[in-house]
Amino acid sequence: MALWLRKSLKTINNFKSMMGMINHSSSSPSPSFNQNLRNPPVIFIDSPTYFSSHRYESTRAEKQSDSVYGSHCHAQVMDFPGGKIMFSPVMRFISESTQERVHCYQVLDDNGNPITGSNYVQVSEEVALKMYSNMVTLQIMDTIFYEAQRQGRISFYATTIGEEAINIASAAALTIDDFVFPQYREPGVLLWRGFTLQEFANQCFSNKADYGKGRQMPIHYVSKRHNYFTVASTIATQIPHAVGAAYSMKMDKKGACAVTYFGDGGTSEGDFHAALNFAAVREVPVIFICRNNGWAISTPTSDQFRSDGIVVKGKAYGVRSIRVDGNDALAMYSAVHAARSMAISENKPILIEALTYRVGHHSTSDDSTKYRPIEEIEWFKVVRDPVTRFRKWIENRGWWNGKLESELRNTVKEELLDAIQVAEKVEKPTIAELFTDVYDVSPSNLRDQEKFLRETIKRHPQDYPSDVPL
Ligand SMILES: Cc1ncc(C[n+]2csc(CCOP(=O)(O)OP(=O)(O)O)c2C)c(N)n1
Ligand SMILES: [Mg+2]
């Protein structure tokens with residue numbers, strides 16, 4: 001025993017030396033230690049708490065499994081910024097992977113049957129039917145706007161096919177007071193909040209009624225009325241914005257949270273990492289919803305990261321996290337509901353990794369059959385479709401039937417075709433609008449650019465759309 005202790009102490013000292021934490025003249029804490037947080041002194045458990053002003057208790061930390069270290073855990077403990085750390089005589093690197101991947105929370109199986117033992121938040125018939133109707137509306141919007149782009153009536157479009165449950169179920173679990181910072185594949189959140197089909201059409205047709213005054217490409221929606229910030233297709237820039245907003249909501253005691261959506265590709269940007277870290281350190285009420293749909297345009301996730309997806313990155317930053325079946329509307333609803341409650345009541349960021357699949361092409365500028373097998377797309381479309389799964393659940397409960405289905409589809413289709421016809425006829429914003437709303441007084445370089453643009457249009461009228469008023 002004595003030998004073991006001596007050996008252990010030697011190992012600890014070697015370790016401390018390696019870490020630059022030891023004053024070789026003494027192994028006990030002494031004022032000669034470098035007392036900054038980079039090189040903190042080593043203090044043992046029975047010594048007075050040295051870092052009281054810098055330490056925090058981790059709330060609800062799960063009991064650490066000691067299986068990694070087995071019985072080799074040393075009795076001695078170091079009080080280090082962030083909490084106590086046990087010493088171990090065993091030099092063991094943390095493995096880059098685990099045998100078992102983080103489990104995925106699911107409520108409904110692929111056939112829409114609740115899984116035995118699943119715990120979930122109850123959804124009323126009214127909410128369930130609104131959720132389903134909105135998912136169908138999204139599908140119809142995707143079909144019709146996509147065709148409109150193919151016909152050359154709008155310049156661009158990106159579908160949400162396969163990701164309807166993430167859009168709608170998450171929106172249903174939030175309240176209108178929660179600020180939304182979207183990427184671009186989440187129009188369903190806006191739909192849920194009451195953005196009308198006419199408003200969607202006005203934006204896609206870049207007309208005068210578009211809140212962005214026609215300056216953006218289609219699908220870059222914004223609505224101040226619905227606390228929905230402008231769609232950011234500059235990947236991941238919205239993530240730190242959400243954290244900043246959540247910080248201000250915390251300071252103003254708003255009792256609401258910020259919610260940001262992004263794809264797996266968004267997590268390959270530095271902004272994602274900075275945002276998670278800031279959110280954890282500042283303890284702000286923000287929900288990060290990552291749609292892991294397998295692809296960032298043509299880049300598969302295997303070329304983006306080797307971690308167990310995105311969920312494990314939450315733990316690395318001290319952010320509570322969960323992996324959810326993103327094609328299961330009930331699981332998504334329940335997870336976001338619980339996340340919102342924790343985020344607001346505890347002022348905590350929460351990360352949700354929603355597993356899904358981008359069934360459509362990345363956008364109308366892409367042909368995904370060039371880089372992925374058609375069978376893969378078909379499998380997700382047929383077997384894992386989130387809309388069909390939810391439909392089966394509401395049908396089994398006697399809340400839905402074929403007649404209601406065809407009525408809904410016909411009504412939405414008609415309404416959307418009308419909205420498109422109206423939007424197409426509304427005037428475009430004038431050229432002058434391109435240069436407004438940024439500066440109170442327009443600077444000379446911007447005035448020069450406007451002059452240059454007007455002269456160019458006069459010289460080459462055939463190259464400019466005739467329906468944009470000068
Ligand atoms: C900063 C930045 N880099 C690159 C791009 C080009 N780009 C547009 S979408 C995209 C892929 C994003 O993938 P993901 O975040 O997984 O979203 P998904 O399209 O799968 O929903 C890329 C790289 C961009 N818009 N912004
Ligand atoms: Mg993606």
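Everything below is about the structure shown above.
Every value quoted in this text rests on a predicted model; they were computed, and no experiment measured them.

**Comments concerning the overall build of the protein chain**
Stage number 1. Along the backbone of the protein chain there are 13 helices and nine strands.
Stage number 2. The burial tally for the protein chain puts 34% of its 470 residues in the buried class.
Stage number 3. Restricting to contacts in the protein chain with at least 6 residues of sequence separation, those with at least 24 account for 72%.

**Regarding the packing of helix α3 (residues 164-173) against helix α9 (residues 329-346)**
Stage number 1. Following both chains from N to C, one finds α3 and α9 inclined at 40°, their axes separated by 8 Å at the closest point. Put simply, α3 runs oblique to α9. The two elements α3 and α9 meet at a crossing, and its hand is right-handed. In this structure, α3 uses A165, I166, I168, A169, S170, A172 and A173 to contact α9, whose residues at the interface are A329, M332, Y333, V336, H337 and R340.
Stage number 2. When its residues are assigned to classes, the contact of α3 with α9 shows 10 nonpolar, two polar and one charged.

**Some words on the pairing of strand β9 (residues 350-355)**
Stage number 1. Of all six residues in β9, six are buried; the element is thus mostly enclosed.
Stage number 2. By the alternation rule, side chains of β9 split into I350, I352 and A354 and L351, E353 and L355, which are all buried.
Stage number 3. In the sheet, strand β5 (residues 286-292) pairs with β9 via six bridges, with the strands oriented parallel. Across the sheet, F288 pairs through a bridge with L351, a residue of β9.
Stage number 4. Where strand β8 (residues 320-325) meets β9, six bridges bridge the pair, whose relative direction is parallel. Within β9, the residue paired with I322 across the bridge is I352.

**Some details on unusual backbone geometry**
Stage number 1. Of note, the phi angle at S206 is positive, near 50°, even though the residue is not glycine.
Stage number 2. Mapping S206 onto the fold places it in the loop between α5 (197-204) and α6 (238-251).
Stage number 3. With 24 C-beta atoms packed within 10 Å, S206 lands in the buried category.
Stage number 4. Of note in the backbone geometry, A236 takes a positive phi value of approximately 80° without being a glycine.
Stage number 5. We classify A236 as buried; it has 22 C-beta atoms within 10 Å.

**Overview of the packing of α6 against helix α7 (residues 270-282)**
Stage number 1. Packing of α6 against α7 leaves a shortest axis separation of 8 Å and a crossing angle of 15°. When the interaxial angle is binned, α6 and α7 end up roughly parallel. Pair α6 / α7 crosses with left-handed handedness. For the pair formed by α6 and α7, the contact residues are I239, P240, V243, A246 and Y247 on the first element and D271, F272, A274, A275, F278, A279 and R282 on the second.
Stage number 2. Residues of the contact of α6 with α7, tallied by class, amount to 10 nonpolar, no polar and two charged.

**Remarks on the site of ligand 1**
Stage number 1. Close to ligand 1 lie 16 residues, the nearest being I235, G263, G265, G266 and A296.
Stage number 2. Elements that contribute at least two residues to the shell around ligand 1 include exactly β4 (258-263) and β6 (295-296).
Stage number 3. Each residue belonging to the shell around ligand 1 can be placed in one class, and the counts come to five nonpolar, seven polar and four charged.

**Comments concerning α7**
Stage number 1. Between its first and last C-alpha, α7 extends 18 Å over 13 residues, near the 18 Å set by a 1.5 Å rise per residue.
Stage number 2. Buried within α7 are the following residues: F272, A275, L276, A279 and A280. Here the buried residues of α7 occupy an arc of 125° about the axis, which is enough to place them on one side. Those residues of α7 that are exposed and angled more than 90 degrees off the buried face are G270 and V281.
Stage number 3. Tucked inside the fold, the buried residues of α7 contact α6, β4, β5, α8 (311-317) and β9.
Stage number 4. Count one or two residues on from α7 and you reach E283, which has phi positive near 55°.

**What about the sheet that holds β9?**
Stage number 1. Ordered in space as β3-β4-β5-β9-β8, the five strands form an open sheet in which the pairing is parallel. Unpaired on one side and paired on the other, β3 (179-181) and β8 mark the two borders of the sheet. Put simply, the sheet's adjacent strands are angled 20° from each other on average, direction ignored.
Stage number 2. Taken together, the three bridges between β3 and β4 define a ladder with parallel strand orientation. For F179, the partnering residue across the bridge sits in β4 and is A258.
Stage number 3. Here α6 sits on the sheet and contacts β3, β4 and β5; the angle it forms with β4, its principal contact strand, is near 170°.
Stage number 4. Sheet strands touched by α9: β5, β8 and β9. Its angle to β9, the strand with the most contacts, is close to 170°.

**Topic: the pairing of β4**
Stage number 1. Of all six residues making up β4, six are buried, and the element is well covered by its neighbours.
Stage number 2. Burial along β4 is two-sided: the face carrying A258, T260 and F262 and the face carrying V259, Y261 and G263 are both buried.
Stage number 3. On the question of chirality, the crossover connecting β4 to the parallel β5 by way of α7 is right-handed.

**With respect to the environment of T267**
Stage number 1. Checked against the element boundaries, T267 lands in the loop between β4 and α7.
Stage number 2. Among the residues examined, T267 registers 27 C-beta atoms within 10 Å and is labelled buried.
Stage number 3. It is 8.1 Å that separates the C-alpha atoms of T267 and C290, two residues lying 23 residues apart in sequence.

How each quantity is defined
Residues numbered from 1 in each chain as written. Chains lettered and ligands numbered in written order. Predicted model: local features only at pLDDT ≥ 70, side-chain atom pairs only at ≥ 80, totals over all residues. Helix = DSSP H or I, 4+ residues; strand = E, 2+ residues; numbered from the N terminus. Buried ≥ 20, exposed ≤ 12 C-beta atoms within 10 Å, placed from the backbone. Contact = placed C-beta atoms within 7 Å. Axes fitted to C-alpha atoms, helices over the stretch in contact; angles between N-to-C directions. Parallel < 35°, antiparallel > 145°, perpendicular 65-115°, else oblique. Left-handed = near helix turned anticlockwise from the far one by under 90°. Nonpolar A, V, L, I, M, F, W, Y, C, P; charged D, E, K, R; others polar. Pairing = 2+ DSSP bridges. Near = placed C-beta within 6 Å. Expected span 1.5 Å × (residues − 1). Arc of directions from axis to C-beta. Right-handed = clockwise from strand over helix to strand, strands pointing away.

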